[in-house]
Amino acid sequence: MERYKAGSYDAAVIGAGHAGIEAALACARLGLKTIVFAINLDSVGNMPCNPSIGGTAKGHLVREIDALGGEMGKAADATFIQSRMLNKGKGPAVYSLRVQSDRQRYRMYMKGTLERQENLFIKQAEVVEILCEDGHVSGVVTHTGATFDVKAVIVASGTFLGGRIIIGDVSYEGGPDGMFPAKRLTGCLKDMGVKLMRFKTGTPARINSRSVDYSKFEQQKGDDDITPFSFETKNPGENKITCWLSYTNENTHNVIRQNLHRSPLYSGNIKGIGPRYCPSIEDKIVRFADKERHQFFLEPMGLDTEEVYVQGLSSSLPEDVQIAFLRTIPGLENVHMMRTAYAIEYDCIDPTQLLPTLEFKSIGGLYGAGQFNGS
C-alpha cells in the first residue's frame, strides 16, 4: 500500500461513538487541532445496542460528563422521546434518570455537533496503523494509505475492533449494525506490545410495532415533570411516546432450555467474556433457574419508524429460536422480527496498562477511551 502525507494534527481520535465523540470535542474545545475517524460517517453517534441514555449508575455518569463540559446530556435532552426517573420508590441517593432517545435524531445531532465544532475535522476511514517514534506516537495510517502526523492518539473503537457477529452457529466478521469491522489495527496494537482481551456483548431483536398487540402489555409512561440531564437545559421538552412492560413465562423458558445446545454461549462458539450488566435471556434462565419470569420492555426506536427495541431479551440463539420464544409471549404471537438479536465479540485492552489519565504507561501519547478500555 502506497502511503502519502495527508496532514498534521495535535490529536487523532479513532472511533466516533459515545466515547470518541466526547474525546474529540474535548480536545477541540481545548484548542487542539483534532481529527476524528469513523469507519462509516453514518456510525457517528449511532446507538446500535440501545437507543437510550442513562439508567442506573449510567445516569450519574452522564451528569458528570455534562459537568465537565461534555455533549451527551445536551444531546439526550434535545432528542429524547420519553424521560423517566427510575427508582422513585427508593431513596433519592439511587434515583436514576433515563431517557429513550429518537435514535436517528440523536445520531444526527451528534454528527452535526462534530461538523460545526471549531478545530475539529471528521474523516471516514479505517485507521490500520499507529506510528511511533522513540516510544511516543507520531502518526496514524488509514486503509487508503493516508498518513497523518499527530502528537496524541485516542483509541475509542467500541465493539468494532476485531468484531465478529454470532447468531447461533452462524458467525462472521462484522461491526455493530451491519457495519464493517476494524480488523488490521489489532495486529498493530499487538506489535506495539499492547495486551488485548476478547470481550462479548449482545443486543436484542428489533420488531415491527404493527405486529404487536399492546392491549396485553402494561403501559410505562414518562414523567409529568421532566428532569433534564444537562445543567444548561432550561426547557427540556415533553414525552412523545409510551413504552411497554411485559414478562417471559414458562413456555418462553422451555423453548430456550430445549435449544440451549444451539446457543453459542454454551457450545463454545463464543470465546469472549460477557459483561455483568446485560446478560442474554438464555444466560438469565440458566443462572436464575428458580425465577418463573423475567421482565422486558418494548421501547420505540424513534418517531419516524415502526421499529421497536425489545429491552431485556438480548440473545445469540439461532434466528428460528428467537422467533419461537418471542411468540410465546402474550401480545407477540404474530410478531415480525425486523432485526435479529446477535452477540458481538471484539478486542479490548487490559486496563491495568493505563495511567489514571488513560494514557498507556509504555507508549507516550496513546490513550484509550470507552469500551476499548474493557469497560
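Rules behind the numbers
Residues numbered from 1 in each chain as written. Predicted model: local features only at pLDDT ≥ 70, side-chain atom pairs only at ≥ 80, totals over all residues. Heavy atoms only, no water. Helix = DSSP H or I, 4+ residues; strand = E, 2+ residues; numbered from the N terminus. Rg over C-alpha atoms; globule rule 2.2 N^0.38 Å. Buried < 20%, exposed > 50% of the residue type's maximum accessible area, 1.4 Å probe, protein only. Contact = heavy atoms within 4.5 Å. Salt bridge = Lys/Arg side-chain N within 4 Å of Asp/Glu carboxyl O. Pairing = 2+ DSSP bridges. Lys, Arg positive; Asp, Glu negative; His and termini not counted. Axes fitted to C-alpha atoms, helices over the stretch in contact; angles between N-to-C directions. Parallel < 35°, antiparallel > 145°, perpendicular 65-115°, else oblique. Left-handed = near helix turned anticlockwise from the far one by under 90°. Nonpolar A, V, L, I, M, F, W, Y, C, P; charged D, E, K, R; others polar. Phe/Tyr/Trp six-rings, centres within 6.5 Å; stacked < 30°, edge-to-face > 60°. 1 Å grid on protein atoms, 1.4 Å probe; cavity = no way out; pocket = protein on both sides within 12 Å on 5 of 7 lines; lining within 4 Å. Points joined across faces, edges and corners; volume = space filled by probe spheres on them. Expected span 1.5 Å × (residues − 1).

## Overview of the overall build of the protein
Link 1 in the chain: When helices and strands are counted, the protein shows 9 helices and 20 strands.
Link 2 in the chain: In summary, the protein has a C-alpha radius of gyration of 21 Å against a globular reference of 21 Å for 375 residues, a match within 12%.
Link 3 in the chain: The buried share among the 375 residues of the protein stands at 57%.
Link 4 in the chain: A separation of at least 24 residues holds for 73% of the contacts in the protein among residues at least 6 apart in sequence.

## Some thoughts on the pattern of salt bridges
Proximity of charged atoms lets side chains of opposite charge pair with each other.
Link 1 in the chain: Enumeration according to the criterion identifies 23 salt bridges in this entry.
Link 2 in the chain: Residue Lys74 is joined to Glu232 by a salt bridge in which the shortest nitrogen-to-oxygen separation is 3.7 Å. Here Lys74 is found in helix 3 (residues 72-79), whereas its partner Glu232 is found in the loop between strand 14 (218-220) and strand 15 (243-247), with 158 residues between them in sequence.
Link 3 in the chain: In this structure, Arg198 and Asp347 form a salt bridge, with 2.9 Å as the shortest nitrogen-oxygen distance.

## Focus on the pairing of strand 15
Link 1 in the chain: Along strand 15, 4 of the 5 residues are buried, which leaves the element largely enclosed by surrounding structure.
Link 2 in the chain: Pairing analysis gives 3 bridges linking strand 14 to strand 15, with the strands arranged antiparallel. Among the inter-strand pairings, Gln219 is bridged to a residue of strand 15, identified as Trp244.
Link 3 in the chain: In this sheet, strand 16 (residues 295-300) lies alongside strand 15 in antiparallel orientation, the contact comprising 4 bridges.

## Comments concerning the side chain of Lys284
Link 1 in the chain: Position of Lys284 relative to the elements: it lies in helix 8 (residues 281-287).
Link 2 in the chain: Despite its burial, Lys284 pairs with no opposite charge; the closest candidate is Glu282, at 9.3 Å N-O.
Link 3 in the chain: If we ignore the near neighbours within four places in the chain, the residues touching Lys284 are Pro279, Ala289, His294 and Gly312.

## A few points about the packing of helix 1 (residues 18-29) against helix 4 (residues 103-116)
Link 1 in the chain: Two elements in contact, helix 1 and helix 4, have axes separated by 11 Å at closest approach and are oriented at 25°. Considering their axes alone, helix 1 and helix 4 lie roughly parallel with respect to each other. The handedness of the crossing between helix 1 and helix 4 comes out as left-handed. Contacts between helix 1 and helix 4 involve His18, Ile21, Leu25 and Arg29 from the former and Tyr106, Met110, Thr113 and Leu114 from the latter.
Link 2 in the chain: Of the residues contributing to the contact of helix 1 with helix 4, the split by class is 5 nonpolar, 2 polar and 1 charged.

## Regarding the packing of aromatic side chains
Link 1 in the chain: Scanning all chains against the criterion turns up 7 aromatic pairs.
Link 2 in the chain: With 6.4 Å between their ring centres and 75° between their planes, Phe199 and Tyr346 make a pair best called edge-to-face. You can see Phe199 sitting in strand 12 (residues 196-203) and its partner Tyr346 sitting in strand 19 (residues 342-349), a full 147 residues away along the chain.
Link 3 in the chain: Tyr346 sits in the buried class, given a relative accessible area of 2%.
Link 4 in the chain: A network of ring pairs unites the aromatic residues Tyr9, Phe37, Phe121 and Phe148 as a single cluster.

## Quick look at the layout of surface pockets
Where empty space is left in the structure can be found by rolling a water-sized probe over the atoms.
Link 1 in the chain: Its volume calculated, the second largest pocket comes out at about 170 Å³.
Link 2 in the chain: Lining the second largest pocket are 16 residues, with Tyr172, Asp177, Gly178, Thr340 and Tyr342 positioned closest to its centre.
Link 3 in the chain: Counting residues per element, the ones that place at least two in the lining of the second largest pocket are strand 10 (164-167) and strand 11 (170-173).
Link 4 in the chain: Tallied by class, residues from the lining of the second largest pocket come to 7 nonpolar, 5 polar and 4 charged.

## A short note on the environment of Gln322
Link 1 in the chain: Inspection of the secondary structure puts Gln322 in helix 9 (residues 319-326).
Link 2 in the chain: The exposure class assigned to Gln322 is buried, which follows from its relative accessible area of 1%.
Link 3 in the chain: For the pair Gln322 and Pro204, spaced 118 residues apart in the sequence, the C-alpha separation amounts to 9.6 Å.
Link 4 in the chain: Gln322 has contacts with Ile167, Ala205, Ser315, Leu317, Met337, Thr340 and Ala341, leaving out every residue within four places of it along the chain.

## Some words on helix 4
Link 1 in the chain: Along its 14 residues, helix 4 runs 20 Å from first to last C-alpha, staying within 8% of the 20 Å computed at 1.5 Å per residue.
Link 2 in the chain: Here helix 4 has its buried residues at Arg103, Tyr106, Arg107, Met110, Lys111, Gly112, Thr113 and Leu114.

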